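# Descriptive structure summary
If you want the building blocks of each chain, they are given just below.
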Amino acid sequence: MRDYLLTLCVTAAVTYLLTGPVRKFAIATGAMPEIRARDVHREPTPRLGGIAMFFGLCAGLLVADHLQNLNSVFELSNEPRALLSGAALIWIIGVLDDKFEIDALIKLGGQMIAAGVMVMQGLTILWIPVPGVGTVSLTSWQGTLLTVALVVITINAVNFVDGLDGLAAGMVCIAAAAFFLYAYRIWFSYGIEAAAPASLFTAILMGMCLGFLPHNMHPARIFMGDSGSMLIGLVLAAAAISVTGQVDPDALKIFEGSTREATHAALPVFIPLLLPLTIIAIPVADLVLAIVRRTWNGQSPFAADRGHLHHRLLEIGHSHSRAVLIMYFWSALIAFGVVAYSVHSASMWIVMLVVALSAVGLVLLLLPRFTPRAPRWAEAFVPPRYRRRAVQPHLTQSSSAHGAQGEPAVAGTADFEAAAEPQERTPIPAGVNGATAIGARSRLPDRRKAGTRG
């Protein structure tokens, strides 16, 4: 565990330290597209955050290769090299897209090629346990098709959810933490070395996300772009493929008997393996809803819009930060709930706890305008939006003046709010030198109502 923790910390440190220089590089190269109708941010923000995340991945693999307890992963398996090859390819495609906005079909083809590169080097699904049937060995082309499909779906699910500051990195970090607990338990408790690569991949993935999040939390100073979202999606898919396709169900010895009985008895343990998409259920749900919505409206499934789940949270009144925290909550509930059920499937308290937390989540969804206020003794330790606001004197005087003229006091407040609201939202061009990204943040009007068309 100490080696995994060291690898995670090195990956996070390299990613964090490189993100600042990468931001300046993105501004200098003009990797700052203009504000689009579907965007939530209100000023051009540099992309290419995936560059720092990729070098964090390389640093994590390099450190793990020199650690005594993790060196065996590189000696006994070719999966780390397969991951690095596929990640390098998908990262290059993402960098080109962040700079030049390449076509969606070209990106899809690049994702399939990256998955094929990993398959050619051994990172593929070899068998799957099927309830009531047993362990089903896959042919070469079946394993290839299933692996490529899983990689492409995971990459696009993460890419689709990357719409708010810190959302994609935080959700993937939560999913990686849940996967790490599961894979580490398989490796450490059962002594199955085939689960070690997945534990390493998820530890590095957590480091990549944690190192990038301080720069990406609202208000974000840099975006990961497609170079980052596709990269972390591929690493998450690689971890799921490594565990699903390489760990033999019979090696767990959960149930002595035939293979069919062993697989049926081990079903709760294999829930995260058979259905790895449950770990990223929220991004996948957003992906499916987006495809259905766009197809129903006669649009291309790859056409961008403002109908994603995080856009809907903003539409019903949640703030940017609260919408992100709500998405974090549901991701953690699903991911860790599935992992907990796989460990103790017979425990009824796990189901009751999940139901209770789901009720709490529904209450949070129904209270979009509720703003908690910290007690006065704690106001110095919380952000300003959680402090109690004192009545401003000029507002009181304005209201009194209107009241003296025979108008209702509320009218003064309404006039002040109307005067404070900007009349029109003007897009801000990116500019050659990126002055808007390094200067003071501008105050622009509220976001548009989320809809299905940009």
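How each quantity is defined
- Residues numbered from 1 in each chain as written.
- Predicted model: local features only at pLDDT ≥ 70, side-chain atom pairs only at ≥ 80, totals over all residues.
- Heavy atoms only, no water.
- Helix = DSSP H or I, 4+ residues; strand = E, 2+ residues; numbered from the N terminus.
- Contact = heavy atoms within 4.5 Å.
- Areas by Shrake-Rupley, 256 points an atom, 1.4 Å probe, with all protein chains shown as cover.
- Phe/Tyr/Trp six-rings, centres within 6.5 Å; stacked < 30°, edge-to-face > 60°.
- Buried < 20%, exposed > 50% of the residue type's maximum accessible area, 1.4 Å probe, protein only.
- Axes fitted to C-alpha atoms, helices over the stretch in contact; angles between N-to-C directions.
- Parallel < 35°, antiparallel > 145°, perpendicular 65-115°, else oblique.
- Left-handed = near helix turned anticlockwise from the far one by under 90°.
- Nonpolar A, V, L, I, M, F, W, Y, C, P; charged D, E, K, R; others polar.

### Quick notes on the overall build of the protein chain
Counting secondary structure elements, the protein chain contains 18 helices and two strands. Once local pairs closer than 6 in sequence are excluded, the contacts in the protein chain between residues at least 24 apart make up 74%. Roughly 21700 Å² of accessible area belongs to the protein chain as shown, and the carbon and sulfur atoms make up 66% of that amount.

### Some remarks on the packing of aromatic side chains
Counted according to the given criterion, the structure contains seven aromatic pairs. Here the aromatic rings of Tyr4 and Tyr184 are separated by 5.9 Å at their centres, their planes lie at 85 degrees, and the arrangement is edge-to-face. Taken together, the residues span a long stretch of sequence, with Tyr4 in helix α1 (residues 2-29) and Tyr184 in helix α7 (residues 167-190) at a distance of 180 residues. Residue Tyr184 is classed as buried on the basis of its relative accessible area, which comes to 16%. Here Phe329 and Trp330 contribute two aromatic rings whose centre-to-centre distance is 5.7 Å and whose plane-to-plane angle is 80 degrees, an arrangement assigned as edge-to-face. Phe329 gets classed as partly exposed once you look at its relative accessible area, which sits at 23%. Among the aromatic residues, those joined into a cluster by ring pairs are Tyr4, Phe180 and Tyr184.

### Thoughts on the environment of His218
Looking at where His218 falls in the secondary structure, it is placed in the loop between α8 (196-216) and α9 (225-246). Sequence separation of His218 and Val324 is 106 residues, and the distance between their C-alpha atoms is 9.4 Å.

### A few points about the packing of helix α5 (residues 104-120) against helix α6 (residues 140-161)
Describing two packed helices takes the angle between their axes plus the distance from one axis to the other. In the contact formed by α5 and α6, the axes pass within 9 Å of each other and the chain directions differ by 130 degrees. Overall, the two elements α5 and α6 adopt an arrangement that is oblique. Seen from above, α5 lies across α6 with right-handed handedness. Along its contact with α5, which presents Lys107, Leu108, Gln111, Met112, Ala115, Gly116, Met118 and Val119, the element α6 presents Thr144, Thr147, Val148, Val151, Val152, Ile155, Asn156 and Asn159. Of the residues belonging to the contact of α5 with α6, the class tally is nine nonpolar, six polar and one charged.

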